[in-house]
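Next come the chains, spelled out residue by residue.
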Amino acid sequence: QGDKIAANTITGGLLAASGIITSAAQISNAVITSAKIDTAAVTTLKIAGNAVTVPSGVYSSSQVDAGTVSSLTFNVEDVASRWLISGGVTLRCSDLDNVVNLRIDGNTVASWYVNPIMYNSIHSLPISYIIASNYFNTTGNHTVSLYVTGALKVFNRSLVATGIKR
């Protein structure tokens, strides 16, 4: 007789119901198959199977000479995962070849050539590169960097490494 239970009177160890409506609940241990949560306050979150990646990033706006202008170390926990490297760089171009190289662990994997309109002109270059699964032979720390040649100055550079889970 569910419609005959007075409010605040259930004290048993087991309750079987098709649905419970309440304004608040305190549950010490729950098994939930599916949930719709608008707002959550979580003290400790444990997610099975390393299902979430926290992106690593670096940004700098100071002017520097050409060479290694930005470097980011990130941790690869699964060699089968893919990675998205994104960012950008702004160059004050010379009249020489202005080249931006993306390096992973010191090896150039992609190059962008910036053709200046005129000497001392400023160009911004977006960077986007996907690292295929099994590119890395080992787990642990790996470094991605931007190496620039030919430019007079480099500024406003950024790199972000985001793991893409299977």
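Residues numbered from 1 in each chain as written. Predicted model: local features only at pLDDT ≥ 70, side-chain atom pairs only at ≥ 80, totals over all residues. Heavy atoms only, no water.

The next point concerns a nonpolar patch on the surface. There is a patch of nonpolar side chains on the surface, built from V42, L45 and I47 and spanning about 300 Å² of accessible area. Counting through the fold element by element, V42 comes out in the segment before β1 (56-60). (Patch = residues over 30% accessible without salt bridge, like charges linked within 9 Å, V, L, I, M, F, W, Y side chains within 5 Å. Areas by Shrake-Rupley, 256 points an atom, 1.4 Å probe, with all protein chains shown as cover. Salt bridge = Lys/Arg side-chain N within 4 Å of Asp/Glu carboxyl O. Helix = DSSP H or I, 4+ residues; strand = E, 2+ residues; numbered from the N terminus.)

Let us now look at the packing of aromatic side chains. Enumeration over the complete set of coordinates arrives at three aromatic pairs. Note on F74 and F136: the rings are 6.0 Å apart at their centroids and 75° apart in plane angle, and the pair reads as edge-to-face. On the criterion of sequence distance, the pair formed by F74 in strand β2 (residues 67-76) and F136 in the loop between β6 (122-131) and β7 (140-149) is long-range, its members being 62 residues apart. Under the relative-accessibility criterion, F74 is labelled buried at 2%. Classification of F136 by relative accessible area gives buried; the value is 4%. (Phe/Tyr/Trp six-rings, centres within 6.5 Å; stacked < 30°, edge-to-face > 60°. Buried < 20%, exposed > 50% of the residue type's maximum accessible area, 1.4 Å probe, protein only.)

So, about unusual backbone geometry. Here the phi dihedral of N120 falls at roughly 75°; this positive angle occurs in a residue that is not glycine. Looking at the element boundaries, N120 is found in the loop between β5 (107-114) and β6. Phi at N134 takes a positive value of approximately 65°, unusual for a residue other than glycine. One can find N134 in the loop between β6 and β7.

Quick look at the sheet that holds β7 now. Strand order in the open sheet formed by four strands is β2-β7-β4-β5, and the pairing between neighbours is antiparallel. Here the strands that pair on one side only, and so sit at the sheet edges, are β2 and β5. Taken pair by pair, the neighbouring strands of this sheet meet at an average axis angle of 15°, ignoring direction. Where β2 lies against β7, nine bridges are found, and the strand directions are antiparallel. (Pairing = 2+ DSSP bridges. Axes fitted to C-alpha atoms, helices over the stretch in contact; angles between N-to-C directions.)

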